[in-house]
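# Fold and contact review
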Amino acid sequence: MVPSHWLLLDALPLTGNGKLDRKALPVTDAQEWQRPFEAPEGDLERQLAAIWADVLGVAQIGRRDNFFELGGHSLLAAQASARVELELGIELPLRALFESTDLQAYAAMAGQHAPADNDARLDALESLLDEMEIN
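Now for a quick tour of the structure.

The rules behind each value
- By convention here, each chain's residues receive numbers from 1 onward along its written sequence.
- Totals for whole chains, interfaces and linings use every residue, but because this is a predicted model, local features are given only for residues with pLDDT of at least 70 and side-chain atom pairs only at 80 or more, for both listing and counting.
- Hydrogens and water molecules were not included; the side-chain quantities draw on all heavy atoms of the structure.
- Numbering of helices and strands starts at the N terminus; helices are DSSP runs of H or I of at least 4 residues and strands are runs of E of at least 2.
- Contacts were defined at the residue level, with two residues in contact if any of their heavy atoms lie within 4.5 Å.
- Within the patch definition used here, like charges are joined within 9 Å and nonpolar side chains (Val, Leu, Ile, Met, Phe, Trp, Tyr) within 5 Å, considering only residues with over 30% relative accessible area and no salt bridge.
- A 1.4 Å probe and the Shrake-Rupley method give the accessible areas. Residues count as covered only by the protein chains that appear here.
- In the sections that follow, a salt bridge refers to a side-chain nitrogen of Lys or Arg positioned within 4 Å of a carboxyl oxygen of Asp or Glu.
- Charge convention: Lys and Arg are scored as positive, Asp and Glu as negative, and His as well as the terminal groups of each chain are ignored.
- Note on charges: their place is set at NZ of Lys, CZ of Arg, CG of Asp or CD of Glu.
- Three exposure classes are used, based on accessible area relative to the maximum for each residue type with a 1.4 Å probe and protein chains only: buried under 20%, partly exposed in between, and exposed over 50%.
- Axis lines are fitted to C-alpha atoms, over the contacting stretch for helices. Their N-to-C directions set the angle, which ranges from 0 to 180 degrees.
- Put simply, angles under 35 degrees are roughly parallel, angles over 145 are roughly antiparallel, angles from 65 to 115 are roughly perpendicular, and the rest are oblique.
- Left-handed is the label given to a crossing in which the near helix is rotated counterclockwise from the far helix by less than a right angle, and right-handed is the label when the rotation is clockwise.
- All residues other than Ala, Val, Leu, Ile, Met, Phe, Trp, Tyr, Cys, Pro, Asp, Glu, Lys and Arg, Gly among them, are scored as polar; the first ten of these are nonpolar and the last four charged.
- Put simply, two rings from Phe, Tyr or Trp (the six-membered ring, in Trp's case) pair if the centres are within 6.5 Å, and we call them stacked under 30 degrees between planes, edge-to-face over 60, tilted for the rest.
- As used in this record, nonpolar core signifies buried Ala, Val, Leu, Ile, Met, Phe, Trp, Tyr and Cys residues forming a set joined through side-chain atoms within 4.5 Å.

Here the focus is the side chain of Arg63. Structurally, Arg63 can be placed in the loop between helix H1 (42–56) and helix H2 (74–88). When neighbours within four sequence positions are excluded, Arg63 is seen to be in contact with Glu38, Ala39, Pro40, Glu41, Glu45, Asp102, Leu103 and Gln104.

Moving on to a negative patch on the surface. Taken together, the side chains of Asp123, Glu126, Asp130, Glu131 and Glu133 make up a negatively charged region of the molecular surface. Within the secondary structure, Asp123 sits in helix H5 (residues 118–134). For Asp123, a relative accessible area of 52% puts it in the exposed group.

Two numbers describe a pair of packed helices, the interaxial angle and the distance between the axes. Interaxial distance between H1 and H2 falls to 10 Å at its minimum, and their mutual angle equals 140 degrees. With respect to each other, H1 and H2 are oriented oblique. Of the two possible hands of crossing, H1 and H2 adopt the one that is right-handed. Where H1 abuts H2, its residues Leu44, Gln47, Leu48, Ile51, Asp54, Val55 and Leu56 lie against Leu76, Gln79, Ala80, Arg83, Val84, Glu87 and Leu88. Class assignment for the residues of the contact of H1 with H2 results in nine nonpolar, two polar and three charged.

The subject of this paragraph is the packing of aromatic side chains. Enumeration according to the criterion identifies four aromatic pairs in this entry. Between Trp52 and Phe67 the ring centres are 5.3 Å apart and the planes differ by 70 degrees, which places this aromatic pair in the edge-to-face class. Of this pair, Trp52 sits in helix H1 while Phe67 sits in the loop between H1 and H2; the two residues are 15 residues apart in sequence, bridging distant segments of the chain. Like Trp52, the residue Phe67 is buried in the burial classification. Put simply, the rings of Trp52, Phe67, Phe68, Phe98 and Tyr106 touch in pairs and so form one group of aromatic residues.

Before going further, it helps to spend a moment on the nonpolar core. Membership of the largest hydrophobic core comes to 25 residues, with the highest contact counts inside it found for Leu48, Ile61, Phe67, Leu97 and Tyr106. Looking at this core, the elements with two or more residues in it are H1, H2, helix H3 (95–99) and helix H4 (103–113). For Leu48, the residues in contact, after removing those within four places along its chain, are Val84, Leu88, Leu103, Tyr106, Ala107 and Ala110.

Set out below in structure tokens:
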């Protein structure tokens, strides 16, 4: 386990008993670690950025931002990956998020796995449901 952020302090905050006061430790802000903002381009990048922002609790995601540098970890990655599949219909392996250097690279991978024709998928699902109703 490697920390995603280091914060140097002059001294650790202590309680009256001389123990570490965890509540007094400063909270790192993921916004500080973002690269200069470059807006997402295209619908797919904007949709993925919205998912990342929601999962990470960050106000905005740029196309050069890295999921893990913004505070992401394996559990949040699994959550983001599941939301991509549920909301966008893109079945992308979880490892794609780990292998992507930034949102732009992740969107490029997602674009390769995107369903070619959502209408065809919906038609197939509709016909399956119709078939189930007949039986």
